[in-house]
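The chain contents come next:
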Number of protein chains: 2
Amino acid sequence: MISKLINNIVKTDAPIVVGLDPMLSYIPEHIQKEAFARYGETLEGAAEAIYVFNKAIVDATYDLIPAVKPQIAMYEQFGIPGLVAYKKTVDYCKSKGLVVIGDVKRGDIGSTSAAYATAHIGKVAVGSNTYVPFDEDFATVNPYFGIDGVKPFLDVCNENDRGIFLLVKTSNPSSGEFQDRLIDGRPLYEWVGEKVNEWGALSMDGEYSNVGCVVGATYPEMGKLLRSVMPKSYILVPGYGAQGGTAEGLKPYFNADGLGAIVNSSRGIIAAYKKEPYLSKFGAEHFADASRQAVLDMIADINGAVFGK
Amino acid sequence: MISKLINNIVKTDAPIVVGLDPMLSYIPEHIQKEAFARYGETLEGAAEAIYVFNKAIVDATYDLIPAVKPQIAMYEQFGIPGLVAYKKTVDYCKSKGLVVIGDVKRGDIGSTSAAYATAHIGKVAVGSNTYVPFDEDFATVNPYFGIDGVKPFLDVCNENDRGIFLLVKTSNPSSGEFQDRLIDGRPLYEWVGEKVNEWGALSMDGEYSNVGCVVGATYPEMGKLLRSVMPKSYILVPGYGAQGGTAEGLKPYFNADGLGAIVNSSRGIIAAYKKEPYLSKFGAEHFADASRQAVLDMIADINGAVFGK
């Protein structure tokens with residue numbers, strides 16, 4: 001599956017992913033109003049607003065980008081109707097040729113991780129039928145359980161040509177509380193990175209592994225180190241833009257082949273219309289055009305700073 | 001919320017929780033058949049079988065037990081219909097007076113953890129209405145992100161009188177891969193335990209904190225240490241029975257007041273009918289009675305070994 005993601009990145013010349021993490025507060029008034037008129041001020045109404053919002057942004061950007069990353073928490077908070085909107089979003093994005101990274105951060109003991117892997121990147125049998133429950137292309141996975149919790153995902157990656165991104169160094173301010181602690185003189189994230197490299201060898205797809213990792217844009221020095229620890233793993237980089245990561249700081253996340261990293265922006269793209277320079281040019285009515293412009297600006301920013309093009 | 005759990009434990013004299021983690025292979029043929037007859041061999045059919053199975057087990061055991069712990073992965077693997085069965089299970093258990101521990105192991109950066117907290121133990125506003133999305137009493141949470149990822153859960157615990165259990169030392173064989181690594185001479189799980197104790201002080205409810213922890217029954221020496229590190233935190237103990245934890249080994253997980261731990265069994269209770277001594281006495285037809293007997297046996301085993309009663 002990583003080769004499909006790489007193909008999409010090369011084709012669009014855009015090492016970026018759009019985070020579809022819709023808060024109700026990001027969704028323009030007129031979309032909320034229309035959804036509530038049809039479904040009431042209900043969970044179904046919120047879910048409809050989210051889906052209509054996502055669809056408009058995808059329609060306005062899909063030709064420019066290789067992938068999307070819906071954050072399932074933002075849907076889960078609207079209960080079952082929210083998760084229906086998540087699934088519809090996954091399906092719609094796939095129908096547009098986008099790679100879908102389900103940002104689900106699951107992880108548990110073996111048998112439970114197997115169920116999560118089935119849910120998100122696998123197939124489930126019911127009697128003599130087989131179903132693909134959520135059907136993302138990639139899932140993000142938490143490594144705290146060690147190999148028992150990761151192996152079931154690897155098995156499904158291999159059976160089903162899918163991929164995962166394992167958390168190594170997260171973008172948030174307190175990520176160092178445990179992740180930076182020194183073990184035999186080296187930080188925990190580096191030990192996790194070494195395991196990612198080792199586990200990644202179990203699911204190769206061309207030059208890269210189906211086992212990628214998450215390293216926040218907010219810690220470029222660590223990104224540099226981790227790039228060398230996991231040369232075959234794609235780095236999914238959150239934290240660009242709203243969280244403080246800069247394009248200049250992204251250089252060390254890429255390999256010499258110009259590949260190896262994909263940078264996420266959520267708020268910065270989907271809520272672009274709420275902030276200048278997009279607010280006065282597009283406004284809430286043309287929010288999707290604002291997202292398109294924000295995507296173009298992000299690609300130019302990263303390609304300029306990282307590749308000098 | 002921890003005081004409600006303690007009340008239920010004292011009332012039933014049973015420091016146990018039944019893990020409602022239904023695999024299709026645990027569900028008797030006749031229940032699957034009936035569900036498939038109504039809904040086909042579909043995700044809806046699987047979900048119906050799961051709910052009917054759960055309901056029968058809850059009906060046969062609710063007067064004996066304080067709490068249940070549905071593992072959401074087992075439902076998520078059947079997609080949206082599976083999650084509908086999860087929600088129906090939560091609601092049904094609550095209607096029977098049981099405390100519901102949603103075993104969801106969520107955790108992310110701050111804003112995303114806030115959405116997960118809302119989803120599972122909080123409330124969400126849609127226009128002028130407010131909804132409780134999944135409405136569990138407790139949720140399990142992964143600490144890898146540090147305080148940023150935990151604080152939103154603490155806030156919701158305080159606003160909404162709910163609780164969480166943070167992963168400290170998990171029950172699986174490879175849990176030591178990262179959790180046992182030494183930092184300044186002490187294992188990571190001990191450092192996490194200290195943080196749980198510190199964070200727990202932010203949400204007290206009587207003598208105990210709404211912030212509990214997860215420590216596997218498979219590591220009793222570590223359980224003993226962690227008991228002293230987190231004296232005010234209830235320990236949710238997985239790994240008894242099927243995974244190898246013994247009743248004798250559970251002693252150190254309890255405080256001198258006879259409280260402080262609640263022991264989970266999933267397979268050992270819900271699939272009791274598949275193994276002796278329950279198989280020949282009850283069989284698949286009377287699977288719920290087998291579960292009741294297995295609950296009685298588990299309570300006697302733990303109360304005997306731990307409290308000599």
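Our structure's up above, just so we're on the same page.
Reading the values: the criteria
Residues numbered from 1 in each chain as written. Chains lettered and ligands numbered in written order. Predicted model: local features only at pLDDT ≥ 70, side-chain atom pairs only at ≥ 80, totals over all residues. Heavy atoms only, no water. Contact = heavy atoms within 4.5 Å. Buried area = accessible area lost by both parts, 1.4 Å probe. Salt bridge = Lys/Arg side-chain N within 4 Å of Asp/Glu carboxyl O. Polar contact = N/O pair within 3.5 Å; in protein donor to acceptor, adjacent residues only side chain to side chain. Helix = DSSP H or I, 4+ residues; strand = E, 2+ residues; numbered from the N terminus. Buried < 20%, exposed > 50% of the residue type's maximum accessible area, 1.4 Å probe, protein only. Pairing = 2+ DSSP bridges. Right-handed = clockwise from strand over helix to strand, strands pointing away. Phe/Tyr/Trp six-rings, centres within 6.5 Å; stacked < 30°, edge-to-face > 60°. Least-squares fit on C-alpha atoms with pLDDT ≥ 70 in both. Axes fitted to C-alpha atoms, helices over the stretch in contact; angles between N-to-C directions. Left-handed = near helix turned anticlockwise from the far one by under 90°. Nonpolar A, V, L, I, M, F, W, Y, C, P; charged D, E, K, R; others polar. Parallel < 35°, antiparallel > 145°, perpendicular 65-115°, else oblique.

J.: Sorry, what's going on with the interface of chain B and chain A here?
T.: Where the parts come together, the accessible area they lose is often given as the size of the interface. Each partner contributes residues to the interface: chain B has 68 residues there, and chain A has 68 residues. Between chain B and chain A the total buried area reaches about 5800 Å² when both faces are included, carbon and sulfur atoms providing 62% of it. Applying the counting criterion to the chain B and chain A interface returns 8 salt bridges. There are 37 residue pairs in polar contact (both at pLDDT 80 or more) connecting chain B and chain A. Per-element accounting of the side of chain B that touches chain A gives the leading share, 7 residues, to helix α6 (residues 110–121) of chain B.

J.: Would you mind showing me how to read the pairing of strand β12 (residues 211–215) of chain B here?
T.: For a regular strand, side-chain orientation follows a simple rule: the groups alternate between the two sheet faces. Residues and elements named next belong to chain B. Here β12 lies mainly inside the structure; 5 of its 5 residues are buried. Burial along β12 is two-sided: Val211, Cys213 and Val215 facing one way and Gly212 and Val214 facing the other are all buried. The pairing of strand β7 (residues 163–169) with β12 spans 5 bridges and is classified as parallel. What sits directly across from leucine 166, in β12, is cysteine 213. Pairing between β12 and strand β13 (residues 235–237): 2 bridges, direction parallel. Note on β13: the bridge partner recorded for cysteine 213 is isoleucine 235. For the segment spanning β12, helix α10 (residues 220–229) and β13, crossover handedness is right-handed.

J.: Please explain the packing of aromatic side chains as it appears in this structure.
T.: What characterises a pair of aromatic rings is the spacing of the ring centres plus the angle enclosed by the ring planes. Scanning all chains against the criterion turns up 18 aromatic pairs over all chains. Judged by centre distance (6.5 Å) and plane angle (85°), the rings of tyrosine 51 of chain B and tyrosine 92 of chain B are edge-to-face. Residue tyrosine 51 of chain B is found in helix α3 (residues 43–61), and its partner tyrosine 92 of chain B is found in helix α5 (residues 79–95); the two are separated by 41 residues along the sequence. Ring centres 5.1 Å apart and planes at 75° place the aromatic pair phenylalanine 254 of chain B and phenylalanine 307 of chain B in the edge-to-face group. With phenylalanine 254 of chain B in the loop between β13 and β14 (261–265) and phenylalanine 307 of chain B in helix α13 (residues 287–307), the pair connects residues that are 53 residues apart, well separated along the chain. Among the aromatic residues, those joined into a cluster by ring pairs are Phe53, Tyr273 and Phe287 of chain A.

J.: Help me out: how do you make sense of the relation of the copies chain B and chain A in this one?
T.: The pair of chain copies shares a relation made of a rotation about an axis and a shift along it. The two copies are related by a screw motion: chain B maps onto chain A through a turn of 180° and a shift of 0.0 Å along the axis, at an RMSD of 0.0 Å. What the rotation and shift describe, once combined, is the action of a two-fold rotation axis. Identified as the residue of chain B closest to the rotation axis by C-alpha distance is isoleucine 183 of chain B, at 2.6 Å. Most of the interface of chain B is mirrored in chain A: 100% of its interface residues are interface residues there too.

J.: I would appreciate a short explanation of the sheet that holds strand β1 (residues 16–18) of chain B in the present structure.
T.: By definition, the strands of a sheet pair up through backbone hydrogen bonds, in either a parallel or an antiparallel sense. Residue and element names in this part refer to chain B. What the 8 strands build is a closed barrel, ordered β1-β2-β3-β6-β7-β12-β13-β14; its pairing is parallel. Its contacts with the sheet put α10 on β7, β12 and β13, and the angle it makes with β7 is roughly 130°. Contacting β1 and β14, α13 runs over the sheet at an angle of about 155° to β1.

J.: What exactly am I supposed to notice about the sheet that holds strand β14 (residues 261–265) of chain A here?
T.: Residues and elements named next belong to chain A. Pairing in this closed barrel of 8 strands is parallel, and the strands run β1-β2-β3-β6-β7-β12-β13-β14 around the ring. Two strands pair when backbone bridges link them, and strand β1 (residues 16–18) and strand β2 (residues 67–68) are joined in this way by 2 bridges, in the parallel orientation. Of the residues in β2, the one forming a bridge with valine 18 is valine 68. Across the sheet, helix α7 (residues 147–160) touches β3 (99–106), β6 (138–141), β7 (163–169) and β12 (211–215), and the angle it forms with β7 is around 145°.

J.: Is there a simple way to think about the packing of α6 of chain B against helix α7 (residues 147–160) of chain B in this case?
T.: The description of two helices packed together rests on the angle between their axes and the distance between the axes. Residues and elements named next belong to chain B. Packing of α6 against α7 brings their axes to within 7 Å, and their N-to-C directions diverge by 35°. In this structure, α6 crosses over α7, and the sense of that crossing is right-handed. Between α6 and α7, the residues in contact are Gly110, Ser113, Ala114, Tyr116, Ala117 and Ile121 and Asp148, Gly149, Pro152, Phe153, Val156, Cys157 and Asn160, respectively. A class-by-class count of the residues in the contact of α6 with α7 yields 8 nonpolar, 4 polar and 1 charged.

J.: Would you mind showing me how to read the packing of helix α2 (residues 29–39) of chain A against helix α3 (residues 43–61) of chain A here?
T.: Residues and elements named next belong to chain A. Their axes nearest at 8 Å, the elements α2 and α3 cross at an angle of 140°. Considering the angle they form, α2 stands oblique to α3. Two packed elements cross with a definite hand, and for α2 against α3 that hand is right-handed. Judged by residue contacts, Ile31, Gln32, Ala35, Phe36, Arg38 and Tyr39 of α2 engage Glu44, Gly45, Ala46, Glu48, Ala49, Val52 and Phe53 from α3. Residues that form the contact of α2 with α3 fall into these classes: 8 nonpolar, 2 polar and 3 charged.

J.: Any chance you could explain unusual backbone geometry here in plain terms?
T.: Leave glycine aside and you will find that most residues have negative phi; peptide bonds, for their part, are mostly trans. All names here are of chain A. Residue proline 277 is reached from glutamate 276 by a cis peptide bond, and omega for that bond is 5°. Note on placement: proline 277 falls in the loop between α11 (267–270) and α12 (278–281). Residues other than glycine seldom take positive phi values, yet aspartate 184 does so here, at roughly 50°. Using a relative accessible area of 67% as the deciding quantity, one classes aspartate 184 as exposed.

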